[in-house]
Amino acid sequence: MNTVYSINGPVVKVKNTSDFSMLEKVAVGEKQLVGEVIGINSDETTIQVYEVTTGMKPGEPVAGTGAPVSAVLGPGIISNIFDGIERPLRDIAAADGVYISEGAQVSELDTSKKWDVTLKVAVGDEVTGGQIFAACPETGVIEHRSMVPHGISGKVVFAAANGSYTIEDTIITVEDESGTRHDIKLAQRWPIKTPRPYKNRLPIHRPLITGQRVIDTMFPIAKGGTAAVPGGFGTGKTMTQHQLAKWCDADVIVYIGCGERGNEMTQVLEEFSGLIDPKNDRPLTDRTVLIANTSNMPVAAREASIYTGITIAEYYRDMGYHIAIMADSTSRWAEALREISGRLEEMPAEEGFPAYLPSRLAAFYERAGFVEPFGAEEGSVTVIGAVSPQGSDFSEPVTQNTKRFVRCFWALDKSLAYARHYPAINWNDSYSEYTDEFSEFYSDNVDPDFAPMRRRMASLLAEENKLMEIVKLIGADVLPDDQKLTIETARVIRVGFLQQNAYHKDDTYVPLQKQFLMMKCILALHDKALAAIQSGILFTDIVATGLFDVLVKMKYDIPNDEPERFTALEAQIEKVFDDRFAGVNGS
Amino acid sequence: MRLYNGLKSISGSLIAVDNVEGIGYDEVADIRLADGSLRRGRVVEVDKGRAILQVFEGTAGLSLENTRTRFTGRPMEIPLAEELLGRVFDGAGRPIDGLGEIHAEKYGDINGRPLNPVMRSYPRNYINTGISSIDALMTLIRGQKLPVFSGSGLSHNKLAVQIVRQAKIADEDGADFGVVFAAMGVKNDVADYFRRSFEESGVLERVVMFLNLSDDPIIERILTPKCALTAAEYLAFEKNMHILVILTDMTSYGEALREFSSSKGEIPARKGYPGYLYSDLASMYERAGVVEGSIGSVTQIPILTMPNDDITHPIPDLTGYITEGQIVLDRELEQKGIYPPVSVLPSLSRLMKDGIGEGYTRADHSDCANQLFAAYAKVGDARSLASVIGEDELSPTDKAYLRFGELFEKYFLNQYFDENRSIDQTLDLGWTLLSALPRTALDRVNEKLLDEKYHPEKLDELLRTSPQ
């Protein structure tokens, strides 16, 4: 029997054994804590333990399981809340009470619950890995499609009748070429650090629609894309993630609270079960999986939580769904890597982070993508990772390395947050590499003018940025009228368009069509005003019309379901200019 | 055999004992010196046959030969009972008020255990501190952790005392109020100031004090907040009390942790602090909260002094990432004579949005707060412009902002140490001051509310009746 030789926080060593393999799951100590083998050499094996090792003694037993750390994938995942190694927290609470104690032995998914299964294959059919063989309603909105595990193919020799089954019942039996029979159940295991395979990677072509104007219009994210949300504390990373989790048009949300606050997870639990998804009239929890490894829970499990989350996402992707993962925050995950690395006495690279930080980040973000799975036409995993830069300094290693692997960067800005401009996404520092890829989508689904208008708005903001340098030095009064207009229009864009109120019933989610119409009104006013100024009308007279302030408040004044009122608003702008300035500019 | 003679090595606060068996990670040991005196240590690393211990009182006077180490087989624990209230302990939880040992109802492991997120209740009940800046703009919620970011010489201690004095309301649900006060590396007279203030405001018998003063052993400092939080959790969740925990000064705690880490030869991360500083701080801050099945709560107000007033220093930085907001104090305001010198813009309470408004404070609270924040943000722009082109050259709007800024600081932020403002007074004052701005500048509020709240004549009256 192998025994513990030394213990240093979550790192445990075993001497003189060759029984373990890399990344194998092991049970450590009398309490059978969950651990993973992370290093092997000729005289010692290093294990990271996913639970608190207080009280563990050298000499306690260590047993291998013969399999890598894996997620159990099957019905019962959605609506659930797990810790970093997929143990349901509600079951732990039922067993342990208010606090989490180590060595909790609970099964990942409910093994007694019966699912209403409909078979998709019959005896005699040939099946291959990844093919859907049965389906059952998992929640009000998600149909769970069980797939033949990868690596198994052959002929179906037994198929159960449609009916109620638990995840432990055999649904079909497959006989492969060598004559071996495999009993296949509703649930299967998959090692969390191995990406699940797919047939083909498809080009990115559709945005993930979030209802947030600064994202959808200015810096869109693709279905199957990657985005990073860096920001110092108090800039609204978590708020942004919550908004996306609530409103984006993914089928399933995997929300990973990695090393963050316990109260935030409670908030998500409470809020999401109370919110009704307008698309299907069901609570948002019907499409959400929560993985909570809060900052005071064991650090090694924080590292695992990210992999558990993305494995679950890939599993639903393979059923043909579009998944969005919110990882809040990847910096805590990187710090967990650093902490373990420090305890292993590895040579540190930048700021104590291990040299393999970039490759781990890349491996994580590369698991995003828009693919053709084996059992469905298309599916995607979109990864949105929050980054918490130390000292709010974007030049630190995690932010910089993340930037290399994501195509969308929403930089949260302290000064915007201080001015309570939310979402505090800075339009000068942020970017999206997807904008060009979506021109066609916007043209087909919203309006052909969408992309050009977006560009105009961006350039107005850039121009304002330049002008503000001057204003800071000499004040706005000395600027010529057309530049004053640029500043005023940019103000309307900032306050009336980019700023969005998450607590307002309409403004919290704005459909693309309304975003476009708002943009159109702002630019129409700008054009009218510019023409008027060029024909000699004073800027102050134009401001006196009050139209700019009308546009600032249109997001509240015009409800989401009455887009026709924008036509009236445009007519109003037209009319005001005609009535007041007609004599002067001759229009 | 749990008793061992002699040590293998001594380095800093760490000692190594060889040829040991069955020693657990994190267990506590008694160490008897040659002269008969007793110290305590904790196992921080075990290899087969060797245990590394951290000695709380330091290793001065220890020798390799004549030291006897007895392992207790248990992690660090403190006795818990209701009679903790009113008592004073040292940083490692030993009574120092001469009133004898605690008759323990039970013993609590000071490391605590993580709260299961599904067993937390989301905190919603606000605590009226009677301080306008906090109540209106960064409302404190029961079960929240809201640190005060301060600097050396600023009035954070005074502010903490005022919060304790004014927040001492018994709840309608009958839960009692109590304070757990943990001092880490603070000066003797600061600890004394707190003790006297608690006494004067008549809460002393509801206060548990854990004092690790600046001349006490630095290693004990690492235990102090953990002892305090263990006591707080017990009183809150088992005795159904509303406990306000004041931890001061977290910077000293962080420095003690750094010293300990470097003496163990660990690889440092930023500014020499250990890589696990975030996890370590989180393991304490996350012990705030409200749990299902108990009417009590643990609310934390950690106080930390930012070295060189630098908010990006690792201790305030990591703290800000864990806590639910922060109250930032500002030297410039302090120099202007504003008390409490709360710097409004970087301050924030993350939980306030769900604990204010109708049914909690007042329906117009969030509008008032948002507009005050937005308006005060513009004050900064106007001021920096004025410093370049001179006040006279400013546009009328910018001039109005300058005036609003002055009035806001003088009348809203500024208040007396014994002035306890109700939430109605605070919000009304906020609206009155906003009336110093042109009505069109109040763009965060709808017209209907403005009709009701925008009254420049009230401002004139305020200036007439209380020219501060």
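## Examining the overall build of chain A
For chain A, the helix and strand inventory stands at 16 helices and 29 strands. In terms of overall size, chain A behaves like a compact globule, its C-alpha atoms giving a radius of gyration of 28 Å where 587 residues would be expected to give roughly 25 Å. Of all 587 residues assigned to chain A, the portion counted as buried reaches 60%. Long-range pairs, those at least 24 residues apart, make up 70% of the contacts in chain A between residues at least 6 apart in sequence. Carbon and sulfur atoms make up 50% of the accessible area of chain A, which totals about 20,900 Å². Distance between charge centroids for chain A: 2 Å, based on 57 positive and 81 negative side chains.

## A look at the interface of chain A and chain B
Taken together, the 79 residues of chain A in the interface contact 72 residues of chain B. Carbon and sulfur atoms make up 55% of the surface buried where chain A meets chain B, a total of about 6,100 Å² over both sides. Note that Lys553(A) is salt-bridged to Glu447(B), the shortest N-O span being 3.6 Å. Between the two partners, chain A and chain B, sit 26 residue pairs in polar contact (both at pLDDT 80 or more). Mapped onto the side of chain A that touches chain B, the elements with two or more residues apiece are strand E2 (6-8), helix H1 (89-96), helix H4 (262-274), helix H5 (299-318), helix H6 (330-343), helix H11 (450-474) and helix H12 (481-498) of chain A. Considering every element that reaches the side of chain A that touches chain B, the biggest residue donor is H4(A), with eight residues. Across the side of chain A that touches chain B, the residue classes break down as 28 nonpolar, 29 polar and 22 charged.

## Here's the deal with the nonpolar core
Ranked by size, the top nonpolar core spans 88 residues in total, and within it Trp410(A), Ile542(A), Leu551(A), Met554(A) and Phe577(A) carry the most contacts. Counting residues per element, this core draws most heavily on helix H13 (residues 512-534) of chain A, at 12 residues. In terms of nonpolar packing, the next biggest core, distinct from the first, is built from 86 residues, Leu137(B), Ala375(B), Leu385(B) and Val445(B) among them.

## Details of the packing of H11(A) against H12(A)
Residues and elements named next belong to chain A. Orientation of H11 relative to H12, taken along the N-to-C sense of each, is 120°, at an axis distance of 9 Å. Classed by the angle they form, the pair H11 and H12 counts as oblique. Of the two elements, H11 crosses H12, and the hand of that crossing is left-handed. Residues Met457, Leu460, Leu461, Glu463, Glu464, Leu467, Met468 and Val471 of H11 form the contact with H12, whose participating residues are Gln483, Thr486, Ile487, Thr489, Ala490, Ile493, Arg494, Phe497 and Leu498. Tallied by class, the residues present in the contact of H11 with H12 amount to 11 nonpolar, three polar and three charged.

## Brief notes about the domain arrangement of chain B
On domain assignment, one finds that chain B holds domain 1 (3-74), domain 2 (78-354) and domain 3 (365-465). Its C-alpha centre places domain 1 of chain B at a distance of 62 Å from the equivalent point of domain 3 of chain B.

## Side note on the environment of Gln400(A)
Residues and elements named next belong to chain A. Residue placement: glutamine 400 occurs in helix H8 (residues 397-405). As for glutamine 400 and lysine 466, which are separated by 66 residues in sequence, their C-alpha atoms are 26 Å apart. Those residues in contact with glutamine 400, other than ones at most four positions away along the chain, are Phe394 and Ser395.

## Considering the sheet that holds strand E20 (residues 325-329) of chain B
Residues and elements named next belong to chain B. Taken together, the eight strands give an open sheet; going across it, the order is E9-E16-E15-E17-E19-E14-E20-E21, and neighbouring strands pair in mixed fashion. Both edges of this open sheet fall to strand E9 (88-90) and strand E21 (342-349), since each of them pairs with a single strand only. Strand-to-strand, the axes of this sheet are offset by a mean angle of 15°, without reference to chain direction.

## Points about the sheet that holds strand E10 (residues 115-119) of chain A
Note on sheets: strands pair through backbone hydrogen bonds, and any given pair is parallel or antiparallel. Residue and element names in this part refer to chain A. Pairing is antiparallel across the open sheet formed by four strands, whose spatial order is E13-E12-E10-E15. The outermost strands of the open sheet, each flanked by one partner alone, are strand E13 (143-147) and strand E15 (163-165). Pairwise comparison of adjacent strand axes, ignoring direction, gives a mean angle of 40° for this sheet. The sheet contact formed by E10 and E15 spans three bridges and is antiparallel. The residue bridging aspartate 116 from the neighbouring strand is serine 164, located in E15.

## With respect to the side chain of Arg362(B)
All names here are of chain B. Here arginine 362 is to be found in the loop between E21 and helix H10 (365-389). Polar side-chain contacts of arginine 362 include one of 2.9 Å to the side chain of aspartate 424. In this view, arginine 362 contacts Gly357, Asp424, Leu427, Asp428, Trp431 and Lys453; residues no more than four positions away in its chain are not counted.

## Notes on the pairing of strand E4 (residues 24-28) of chain A
All names here are of chain A. E4 sits mainly inside the fold: four of its five residues count as buried. As defined by bridge partners, E4 adjoins strand E7 (residues 61-68) across four bridges and the pair is classed as antiparallel. Residue pairing for E7: valine 28 is matched across the bridge by valine 62. Relative to strand E5 (residues 33-40), E4 runs antiparallel, the two sharing four bridges. Counted as the bridge partner of alanine 27 is valine 34 from E5.

## Brief notes about unusual backbone geometry
Of note, the bond from Tyr422(A) into Pro423(A) is cis; its omega dihedral lies within 30 degrees of zero at -10°. Position of Pro423(A) relative to the elements: it lies in the loop between helix H9 (414-418) and strand E29 (431-432). Residue Pro340(B) follows Tyr339(B) across a cis peptide bond; omega there is -10°. Locating Pro340(B) in the fold gives a position in the loop between helix H9 (331-335) and E21. Even without being a glycine, Asp281(A) presents a positive backbone phi close to 60°. With respect to the helices, strands and loops of the structure, Asp281(A) is situated in the loop between strand E22 (276-277) and strand E23 (282-283). At Asn240(B), a position not held by glycine, the phi torsion is positive, near 55°.

Parameters and conventions
Within each chain, residues carry numbers counting from 1 in the order of the written sequence. Throughout, the order in which chains and ligands are written sets their labels, letters from A for the former and numbers from 1 for the latter. Whole-chain, interface and lining totals are the exception, using all residues; otherwise, since this is a predicted model, local features are given only for residues with pLDDT of at least 70 and side-chain atom pairs are given and counted only at 80 or more. Derived side-chain values reflect all non-hydrogen atoms in the structure, with water molecules and hydrogen atoms excluded from consideration. Under the DSSP-based scheme used, a helix requires at least four consecutive residues in state H or I and a strand at least two consecutive residues in state E, with every element numbered from the N terminus. Two things to know: the radius of gyration comes from C-alpha atoms, and the globule rule equals 2.2 Å times the number of residues to the power 0.38. Per-residue accessibility, obtained with a 1.4 Å probe over protein chains only, is compared with the maximum for each type, and a residue is labelled buried under 20%, exposed over 50%, and partly exposed between these values. Note on definitions: a residue-residue contact is assigned when non-hydrogen atoms from the two residues lie within 4.5 Å. Surface accessibility in these figures is a Shrake-Rupley result with a 1.4 Å probe; residues are shielded only by whichever protein chains are displayed. Charge assignment in this entry is limited to Lys and Arg as positive and Asp and Glu as negative, and neither His nor the chain termini are counted. Lys charges are placed at NZ, Arg charges at CZ, Asp charges at CG and Glu charges at CD. Buried area adds together the accessible area that both of two parts lose upon being put together, with accessible area traced by a 1.4 Å probe. What counts as a salt bridge is simple: a side-chain nitrogen of Lys or Arg found within 4 Å of a carboxyl oxygen of Asp or Glu. For the purposes of these results, a polar contact is taken to be a pair of N or O atoms within 3.5 Å, where, inside protein, one atom must be able to donate a hydrogen and its partner to accept one; residues adjacent in sequence count only when each atom of the pair is a side-chain atom. Side-chain classes follow a simple rule in which Ala, Val, Leu, Ile, Met, Phe, Trp, Tyr, Cys and Pro form the nonpolar group, Asp, Glu, Lys and Arg form the charged group, and the remainder, Gly included, forms the polar group. What makes a nonpolar core is a set of buried Ala, Val, Leu, Ile, Met, Phe, Trp, Tyr and Cys residues whose side-chain atoms join them at distances within 4.5 Å. Lines are fitted to the C-alpha atoms to define the axes, a helix being fitted only along its stretch in contact, and any angle between axes, read from their N-to-C directions, falls within 0 to 180 degrees. Oblique is the label for any angle not under 35 degrees, not over 145, and not in the 65 to 115 range, which are roughly parallel, roughly antiparallel and roughly perpendicular in turn. Left-handed is the label given to a crossing in which the near helix is rotated counterclockwise from the far helix by less than a right angle, and right-handed is the label when the rotation is clockwise. Residue ranges for the domains originate in an automatic or database domain assignment. Between any two strands, at least two bridges found by DSSP are needed for them to pair.

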